[in-house]
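Take a look at the letters that make up each chain.
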Amino acid sequence: MEEGDLAPRELYSLPVVVCGVAAILFAFWLARDILSRDSGTPAMQDIANRIYIGAVAFLKRQYSTIAMLAILVAVVIGAVVGIFETDHKVERGVITSLAFLFGALLSGISGYIGMYIAVRSNSRTASAARRSLGEALTVALRGGAVSGFLVVALGLLGVLIVYWVVYPFVQGVLPAEAETPFWIVGFAFGASFVALFAQLGGGIYTKAADVGADLVGKVEAGIPEDDPRNPAVIADLVGDNVGDCAGRGADIFESSVAEIIGAMILGATLFTVVVGSGNAQGLAYVFFPLVLGAFGAIASMIGILSVRPAATPADPMDELNKGFYVTAAFAVVGLVIATFWMLPFGRIEYLVCGLIGIVTSFVFVWITQYYTSGRYRPVKEIMEASRTGPATNIISGISVGFETTGAAAVVIAIALLSSYFMGNQVQGAFDGVGFFNSAGIYGTAVATMGMLMSAAYILAMDTFGPITDNAGGIVEMSDQPESVRDTTDALDSAGNTTKALTKGYAIGTAALAAFLLFSAYLQEVARFSGGTIDTSVVNLANPRVFVGGLIGAALVFVFASLAMRAVGRAASAMIEEVRRQFRNDPGIMAGTSTPDYTSCVDIAVRASLREMIAPGLLAVAVPILVGLFLRWEGAAGMLMIGTIAGVLVANVLNNGGGAWDNAKKMIEAGELKDAAGAVLGKGTAEHAASVVGDTVGDPWKDTAGPSIHVLIKLMATITLVMAPLFI
């Protein structure tokens, strides 16, 4: 290397810094654009302010609780790593603890950012809906994009910063460049830890409020959704932000950092061989996942800017899909540039692996849209089943949820096998790699990063959902004309679909990521054992592996049960409070009295903070206990089978719940008619049946399902950090 040239580590860090900073500046530009727009009538602003105050108050209390838990866990894992690590005990223990806290901090910031800008966008979306559907769509999408780009930028820059800070302290058998990713897995664990509690707490809050508002307001009292006479309406609108915005922001953040660090660990194995062959480009395999994420952020920027709808677009989903297609197209361009610029071997093969990931994200989005959009058979079947009551509606919804697992399993299988096959074609260039078929496994990592290249745009689409939901509530509560509510209803319907799409995307990335993190775990075990343990085969006939797998599968179901039971208990308290207010103050229904919104918000806050602890601690404790008692093989079995069960259960919950929700929306939109052609809409028995189905699906799709995404990756990051303890 000549004087003045950048070292490989500096050279490959440069695009990450440039793109990360560009994403932050772009987010601030979007935020300025949104905040400069009209925030609506005084009534709209008042309602939006109530939502903001409720959301901020909840997040402060929630994150105070999570912070105490995080500090306790940081001390424990630091002590465990320091005691059981074979070399450099003090350094590894301290660095793991500090990296955990840094990951937890950035995960919390990601969640807060997602919520903050969403509650600032809702009244502006409602105001824009008075003028045109196109303007309201633009405001809502850009509001969601602020969160998307800041979260992705924090993930990229966070991993890079912790890599550079830890690098000078690293010691080990591998070169420092390759050793460092093994030392920073605590960062991913911290991000997953906070994301789990943020998703759980937010999901319990939002669904407790939603179920209470729907069952008493819609079914018993017969008032419309978001009617200001409903005491739970403000709690419901707050819940959209703390669950779907704050929770999902933390979820996407931990997804990106866990998968990047896992891919860097796999790349470190290839790096050691390439460097041994005298090729200075070997570090490219370590930094390649980061650079792909950076180029993906630029592609997402172009995708956001390409969404410029007319004043009255025929279907808002078509506009949002257009932006996703543009993002994917430019992600391919970024993938080609990164592959041919960085990789010394396997350029074509790993390019194909990245393309497989991008195509997989397309297919997952399409599958989710098929099962949750009102355009297609599954949702129409549930709508038709509502004719004969709640029971048949629920049976139809459950069957749709189960059906979704088939297509998802096939797509994941094809993506893993094809990316592994393509990556394995490069294995000959890495003779002497000390880990089983590392080139093929790295191919699956590249496919995962290909999926994640569109993460910023996907998160923008996800946050679009609660923004439009809140905008509809503000329009209803501020007594706007019916035409304005029609506009927000069209956006809300699209928002329900985008939220479902994002969950499908998240579970797809979780499935591929879990495989690469599982491979990283096996590599970590082999490294800590000094090569004395053969991790190339995990034998299911070994009782330890079988029992570990059994416990992993059971953990998914018990965790989902605790999450849904928490919603049920919290919703019961909410229902009783709403009934009490209606019973004690007849003026509420007459419109002459104002409900006590604060009492319902307080119930949701207290219940969610109390109920999130048990499932959260279970998710952290079980992987550690399995590893302690069943050793590394049992933990490997738990990861394998737990991931498979988690992916399938999450698909059932996410898509079944989303289908129920949109079946109800279709009935409310007048799509269900009797034999004479009369509309069977709001206020009918068919609508009441659909509300019951939607209420059953609420904790499925917004509490248990999204939390399982995080659970899958949390199991993997815990075992990565605790691997020395299990040997």
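Just above sits the structure.
Residues numbered from 1 in each chain as written. Predicted model: local features only at pLDDT ≥ 70, side-chain atom pairs only at ≥ 80, totals over all residues. Heavy atoms only, no water.

**With respect to the overall build of the protein chain**
Definition in use: Elements are defined by DSSP. Helices are runs of H or I of four residues or more, strands are runs of E of two residues or more, and each kind is numbered from the N terminus. Relative accessibility under 20% of the residue-type maximum defines a buried residue, over 50% an exposed one, and the middle range a partly exposed one, all with a 1.4 Å probe and only protein chains included. In what follows, a contact means two residues having at least one pair of non-hydrogen atoms within 4.5 Å. For every accessible area listed, the method is Shrake-Rupley and the probe measures 1.4 Å; residues are considered covered only by the protein chains on display. Charge assignment: positive for Lys and Arg, negative for Asp and Glu; neither His nor the chain ends contribute. Where a charge lies is defined by one atom per residue type, namely NZ (Lys), CZ (Arg), CG (Asp) and CD (Glu).
Regarding its fold elements, the protein chain presents 20 helices and zero strands. The proportion of buried residues among the 727 residues of the protein chain is 66%. Counted over contacts in the protein chain with a minimum sequence separation of 6, partners at least 24 positions apart contribute 84%. Put simply, the protein chain shows about 23100 Å² of open surface, and 65% of that area lies on carbon and sulfur atoms. Measuring between centres, the 43 positive side-chain charges of the protein chain sit 3 Å from its 58 negative side-chain charges.

**Quick notes on the layout of surface pockets**
Where empty space is left can be seen by rolling a probe of water-molecule size over the atoms. Quick note on the threshold: Here a cavity denotes a set of grid points, spaced 1 Å apart and computed over the protein atoms alone, in which a 1.4 Å probe fits but from which it cannot get out, and a pocket denotes an open set meeting protein on both sides within 12 Å along at least five of seven lines; residues with an atom within 4 Å of a point are reported as lining. Grid points are joined across faces, edges and corners, and a volume is the space filled by probe spheres set on the points. When residue character is reported, Ala, Val, Leu, Ile, Met, Phe, Trp, Tyr, Cys and Pro are called nonpolar, Asp, Glu, Lys and Arg charged, and the others, Gly included, polar.
There is about 900 Å³ of room inside the largest pocket. In terms of lining, the largest pocket is formed by 36 residues, of which the most central are Ser 493, Lys 665, Met 666, Glu 668 and Ala 669. Listing elements by their share of the lining of the largest pocket, those giving two or more residues are α6 (185-220), α9 (316-342), α15 (482-528), α19 (613-668) and α20 (685-726). Ranked by residue count, the leading element in the lining of the largest pocket is α15, at nine residues. When the residues that make up the lining of the largest pocket are grouped by side-chain class, the tally is 12 nonpolar, 10 polar and 14 charged.

**Regarding the packing of aromatic side chains**
For clarity, the cut-off: Stacked, tilted and edge-to-face pairs are distinguished by plane angle, under 30 degrees for stacked and over 60 for edge-to-face with tilted covering the rest, among Phe, Tyr and Trp rings (Trp via its six-membered ring) whose centres lie within 6.5 Å. Note on geometry: a ring has a charge over it if NZ (lysine) or CZ (arginine) is within 6 Å of the ring centre and within 35 degrees of the ring normal.
Applying the stated rule across the entire model yields 25 aromatic pairs. Residues Tyr 12 and Trp 341 carry aromatic rings whose centres are separated by 5.6 Å and whose planes lie at 75° to one another, so their mutual orientation is edge-to-face. Of this pair, Tyr 12 sits in helix α1 (residues 8-35) while Trp 341 sits in helix α9, placing them 329 residues apart in sequence. By relative accessible area, which is 4% here, Tyr 12 ends up buried. Trp 341 sits in the partly exposed class, given a relative accessible area of 32%. Here the aromatic cluster, defined as three or more aromatic residues joined through ring pairs, consists of Tyr 12, Tyr 163, Tyr 167, Phe 287 and Trp 341. Sitting above the plane of the Tyr 52 ring, Arg 120 keeps its charged end 4.2 Å from the centroid.

**What to know about the environment of Val 332**
Along the chain, the position of Val 332 falls in helix α9. Each C-alpha atom, one on Val 332 and one on Leu 355, is 7.0 Å from the other, the two residues being 23 residues apart in sequence. Residue contacts for Val 332: discarding those within four places in its chain leaves Leu 355 and Ile 358.

**Looking at a nonpolar patch on the surface**
Applied cut-off: Patch definition: residues with relative accessible area over 30% and no salt bridge; like charges joined within 9 Å; nonpolar side chains (Val, Leu, Ile, Met, Phe, Trp, Tyr) joined within 5 Å. Put simply, a salt bridge is a Lys or Arg side-chain nitrogen that is within 4 Å of an Asp or Glu carboxyl oxygen.
Together, Leu 11, Ile 298, Ile 302, Phe 330, Val 333, Ile 337 and Trp 341 give the surface a local cluster of nonpolar side chains, amounting to about 530 Å² of exposed area. The set of elements that each furnish at least two residues to the nonpolar patch consists of α8 (284-306) and α9. Looking at the nonpolar patch, the element that brings in the most residues is α9, giving four residues.

**A short note on the pattern of salt bridges**
Applying the stated rule across the entire model yields 31 salt bridges. The shortest N-O distance in the salt bridge between Asp 38 and Arg 130 comes to 3.1 Å. Here Asp 38, found in the loop between α1 and α2 (42-84), pairs with Arg 130, found in the loop between α3 (89-129) and α4 (133-166); they are 92 residues apart in sequence, far enough to count as distant. For Arg 375, the salt bridge identified is with Asp 315, shortest N-O distance 2.3 Å. In this pair, Arg 375 is assigned in the loop between α10 (347-372) and α11 (377-385) and Asp 315 in the loop between α8 and α9, connecting sequence segments 60 residues apart. The exposure class of Arg 375 is partly exposed, given its relative accessible area of 37%. The exposure class assigned to Asp 315 is partly exposed, which follows from its relative accessible area of 21%. Connected through shared salt-bridge partners, Lys 207, Asp 210, Asp 492, Asp 661, Lys 664, Lys 665, Asp 694, Asp 698, Lys 701 and Asp 702 make up one network.

**Details of empty space enclosed by the protein**
Throughout the structure, instances matching the rule amount to six cavities of 30 Å³ or more. Estimates place the volume of the second largest cavity at around 100 Å³. If you go around the second largest cavity, you meet 13 residues; those closest to its centre are Val 152, Ser 256, Gly 293, Leu 452 and Ala 455. Elements with a minimum of two residues in the lining of the second largest cavity: α4, α7 (233-276), α8, α13 (438-452) and α14 (455-477). The leading source of residues in the lining of the second largest cavity is α8, at four residues. For the lining of the second largest cavity, the per-class residue count stands at nine nonpolar, four polar and no charged.

**Observations concerning the packing of α9 against α14**
Short version of the rule: Throughout, an axis means a line fitted to C-alpha atoms (over the contacting stretch in the case of helices), and angles, computed between N-to-C directions, take values from 0 to 180 degrees. In these notes the angle categories are as follows: under 35 degrees is roughly parallel, over 145 is roughly antiparallel, 65 to 115 is roughly perpendicular, and the rest is oblique. Here a crossing is called left-handed whenever its near helix is offset anticlockwise from the far helix by less than a right angle, and right-handed whenever the offset is clockwise.
One can describe the packing of α9 onto α14 by two numbers: an axis separation of 10 Å at closest approach and a directional angle of 165°. When the axes of α9 and α14 are compared, the pair comes out roughly antiparallel. Seen along the crossing, α9 lies across α14 with a hand that is right-handed. When α9 is examined against α14, the residues Glu 319, Leu 320, Gly 323, Phe 324 and Thr 327 are found in contact with a partner set consisting of Tyr 457, Ile 458, Met 461 and Phe 464.

**Observations regarding unusual backbone geometry**
Backbone geometry follows two general trends: most residues other than glycine have a negative phi, and most peptide bonds adopt the trans configuration. Located in the positive-phi region is Asp 479, a residue other than glycine, with phi close to 60°. Position of Asp 479 relative to the elements: it lies in the loop between α14 and α15. Its identity as a non-glycine residue notwithstanding, Arg 631 has a phi of 60°, on the positive side. Within the secondary structure, Arg 631 is located in helix α19. Among the residues examined, Arg 631 registers a relative accessible area of 23% and is labelled partly exposed.

**A closer look at the packing of α8 against α14**
Where α8 meets α14, the closest approach of the two axes is 7 Å, and the angle between their N-to-C directions is 40°. Regarding the angle of α8 to α14, the classification is oblique. For the pair α8 and α14, the contacting residues are Ser 300, Gly 303 and Ile 304 in the first and Ala 456, Tyr 457 and Ala 460 in the second. Here the contact of α8 with α14 is built from residues that sort into four nonpolar, two polar and no charged.

**Comments concerning the environment of Gln 281**
Counting through the fold element by element, Gln 281 comes out in the loop between α7 and α8. Here Gln 281 falls in the partly exposed class, since its relative accessible area comes to 24%. Sequence separation between Gln 281 and Ile 53 is 228 residues, and the spatial gap between their C-alpha atoms is 52 Å. If we ignore the near neighbours within four places in the chain, the residues touching Gln 281 are Tyr 12, Trp 341, Met 342, Leu 343, Pro 344 and Arg 347.

On their own, these measurements won't tell you what the molecule is for.
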